[in-house]
Amino acid sequence: MSSVPDPADRVESLRRLAGFREEFYACLTRRADALFELTDAVLCVDGPVDSLVGLSLAAEHRRGHGALYDAVNHGRLEPARLRRAVAALPVPLAADGRIVLAVDVSAWLRREAHTSPDRLYCHVTGQTRAQDQRIPGWPYSIVAALETGATSWTALLDAVRLGPADDETAVTCAQVRQVVDRLITAGHRREGDPPILIVTDSGYDTARLAHDLRDLPVEILGRLRSSRVMRLPAPTRTPTTVGRPRHHGPELRLSDETTWPQPTHHTHTATSRYGTAQALAFNRVHPRLTRRAAWINHTGPLPILEGTLLRLTVDRVPSGHNPKPIWLWCSTPDLTAAQVDLLWQAYLRRFDLEHTFRLLKQTLGWTRPRLRDPNAADTWTWLILTAHTQLRLARGLTHDLRRPWERPTGPTRPERLSPARVRRGFRNLQPKTSHPAKAPKPTRPGPGRPPGSPNRYRAPRHDVGKTIHRARTQADQQKLKG
């Protein structure tokens, strides 16, 4: 180490990184030394992680390849304690000082793993010429805190594997509730702070999320399909009106401009990336709920969930394609013009999560191992999330080891380094942090299976898909009861 003392902020960052590594080691309950060194190998190996066994050749992994596979398949950790340790770290804030959480699902595809249980048909695009495909795999629901500005960094906070018997919306609601509770317990949000913003894509039921999380200090912002039909507030009832009171007003078809009312706000924002961004806001717009799908078992009258409908249009997109309008729905019924601009800008930051997924899969090797047990996949997933968290903590501590053909980031702005560039210099930083893992003891491998003896215990084969059929209509519910 250099004899020149580090600045105070660098010392504090090193202390925080070392403390998190100590807490991470304490969360490992079985095969702790091997799992800890395996995570260091993921962070320090040169280039992308192409295979699991290749990590055993890294200098940071002092054990053999047999111990590596044994640690992944039989190692255990405490997810609850590790979640609390991650939530206790600093969380990025948006431009208005609030926490913005993005929720999305990323699939670990396992096409030919017929002996792996709990596989589901995962929706993927870009695999072939077809627009959409359903490929067997393990879907993971991931929650991350988004930053502001031009960056690809996100703070991964939680990951939950969706099983065959799970209701995706119910799992997402429980996951978001636990993440918000941990953030509040850690002191990241106090009384009087702006509510936490939850950003989702079009595959989520934003109305269900807003209803189930209504007791939390959160706002829901989700994208809507352009074919949706929303409802305006019911007209005011006059004393001479006869009949049952109306609950819904006229229809607002997103694809039919003639059904749009006068917008409450119309903003114009000049951007360097998209040109002029125009946002239309329609306050107090709600979806008309029916007793099907997520609301089929709802007791009592169906709620009227009023919110703000946003329509965002831009002049151009970086891909050069024809930009299409984006429809968003926020659970807050009345928004100001300044809040409208902050909301659509926060939604555009959601695409940073796609960069994080690509980093996890292509660089850190999240989906590279061919594991059979889904519990081992969960352990490996948390190791990858922990590795990404250490990269975030080392963001301002590493030096830019730039290739001659790469664009320089500037010597005075180390925080501008991408996660892959920070990982490139983590090997030089790793000796300066804590190393709680113990050195391996000398031993020799067991005899294994005798030569020439076949495997008498064949692994069972498992079907793909849901194991519980949930009724989506009243007719389906009657069939299940009958």
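What this report covers is the structure whose coordinates are included nearby. (Residues numbered from 1 in each chain as written. Predicted model: local features only at pLDDT ≥ 70, side-chain atom pairs only at ≥ 80, totals over all residues. Heavy atoms only, no water.)

**Quick notes on the nonpolar core**
Our working definition: Each nonpolar core is a collection of buried residues, namely Ala, Val, Leu, Ile, Met, Phe, Trp, Tyr and Cys, held together in the definition by side-chain atoms within 4.5 Å. A simple rule labels every residue: compare its accessible area, found with a 1.4 Å probe on the protein chains alone, to the largest value its type can have, and call it buried under 20%, exposed over 50%, or partly exposed in between. Going along the chain from the N terminus, every DSSP run of H or I of four or more residues is numbered as a helix, and every run of E of two or more is numbered as a strand.
Of all hydrophobic cores here, the largest spans 118 residues; its most connected members are Leu55, Leu101 and Trp380. When residues of this core are assigned to their parent elements, the largest contribution, 10 residues, is made by helix α9 (residues 374-393). Membership of the second largest hydrophobic core comes to five residues, among which are Ala107, Leu109, Cys122 and Val124.

**Quick notes on the packing of helix α2 (residues 32-44) against helix α3 (residues 65-74)**
Note the following rule: For helices, the axis comes from a line fit to the C-alpha atoms of the stretch in contact; other axes are also lines fit to C-alpha atoms, and the angle between any two N-to-C directions lies between 0 and 180 degrees. Angular relationships are summarised with four words: roughly parallel below 35 degrees, roughly antiparallel beyond 145, roughly perpendicular across 65 to 115, and oblique for the angles in between. Note on definitions: a residue-residue contact is assigned when non-hydrogen atoms from the two residues lie within 4.5 Å. The nonpolar class holds Ala, Val, Leu, Ile, Met, Phe, Trp, Tyr, Cys and Pro. Asp, Glu, Lys and Arg form the charged class, and all remaining residues, Gly among them, are polar.
Where α2 contacts α3, the axes come no closer than 9 Å and their chain directions differ by 105°. As the angle between them shows, α2 and α3 are arranged roughly perpendicular. Facing α2, whose interface residues are Ala34, Leu35 and Leu38, α3 presents Ala67, Leu68, Ala71 and Val72. For the contact of α2 with α3, the residue count by class is seven nonpolar, no polar and no charged.

**Examining the side chain of Arg83**
Rules: Pairing of N or O atoms within 3.5 Å defines a polar contact, subject to two protein rules: one partner must be a possible hydrogen donor and the other a possible acceptor, and residues neighboring in sequence count only if both atoms are side-chain atoms.
Note on placement: Arg83 falls in helix α4 (residues 79-87). Using a relative accessible area of 15% as the deciding quantity, one classes Arg83 as buried. Here the side chain of Arg83 touches Ala159 through a polar contact of 3.4 Å, landing on its backbone oxygen. Leave out the neighbours within four places in its chain, and Arg83 touches Asp158, Ala159, Val160, Arg182 and Trp382.

**Topic: α3**
What counts, and what does not: To obtain the arc, one takes the directions from the helix axis to the C-beta atoms.
Residues of α3 that are buried: Leu68, Ala71 and Val72. The buried residues of α3 occupy an angular sector of 95° when the element is viewed end-on, so they sit on one face. Against α2 and α9 lie the buried residues of α3.

**Things to note about the packing of aromatic side chains**
Our working definition: Two aromatic rings from Phe, Tyr or Trp, using only the six-membered ring of Trp, form a pair when their centres are within 6.5 Å; if the ring planes differ by under 30 degrees the pair is stacked, by over 60 it is edge-to-face, and anything between is tilted. In our convention, an over-ring charge means Lys NZ or Arg CZ found within 6 Å of a ring centre and within 35 degrees of that ring's normal.
Inspection of the entire model under this criterion finds eight aromatic pairs. Judged by centre distance (5.3 Å) and plane angle (75°), the ring pair of Trp260 and Trp327 falls under edge-to-face. Residue Trp260 is found in the loop between β10 (251-253) and β11 (265-271), and its partner Trp327 is found in strand β14 (residues 326-330); the two are separated by 67 residues along the sequence. One exposure class covers both Trp260 and Trp327, and it is buried. Taken together, the ring pairs in this structure connect Trp108, Trp138, Tyr140 and Trp366 into an aromatic cluster. Residue placement shows Arg350 over the ring face of Phe351; its charged tip is 5.0 Å from the ring centre.

**Considerations on the pairing of β11**
Put simply, the rule reads: Pairing between strands is defined by DSSP: at least two bridges between the two strands are required.
Pairing of β11 with strand β12 (residues 275-285) involves seven bridges; the strand directions are antiparallel. Along β12, the bridge assignment pairs His268 with Gln278. Counted between consecutive antiparallel strands, the loop separating β11 from β12 contains three residues.

**Comments concerning the pattern of salt bridges**
Inclusion rule: A side-chain nitrogen of Lys or Arg and a carboxyl oxygen of Asp or Glu constitute a salt bridge if their distance falls within 4 Å.
Counting across every chain of the model gives 31 salt bridges. Between Arg16 and Glu12 there is a salt bridge, and its shortest N-O distance comes to 3.6 Å. Taken together, the residues span about one helical turn, with Arg16 and Glu12 both in helix α1 (residues 8-27) at a distance of four residues. Given a relative accessible area of 27%, Arg16 falls into the partly exposed group. Classification of Glu12 by relative accessible area gives partly exposed; the value is 31%. For Glu306, the salt bridge goes to Arg284, with nearest N and O atoms at 2.4 Å. Pair noted here: Glu306 is in the loop between β12 and β13 (307-313) and Arg284 is in strand β12, with a separation of 22 residues, a long-range link. Of the residues examined, Arg284 reaches a relative accessible area of 33% and is grouped as partly exposed.

**Points about the side chain of Gln390**
Among the secondary structure elements, Gln390 is positioned in helix α9. Residue Gln390 is classed as buried on the basis of its relative accessible area, which comes to 0%. Each residue touching Gln390, except ones within four places of it in the same chain, is listed here: Leu17, Phe20, Arg21, Phe24, Thr39, Asp40, Leu43 and Phe426.

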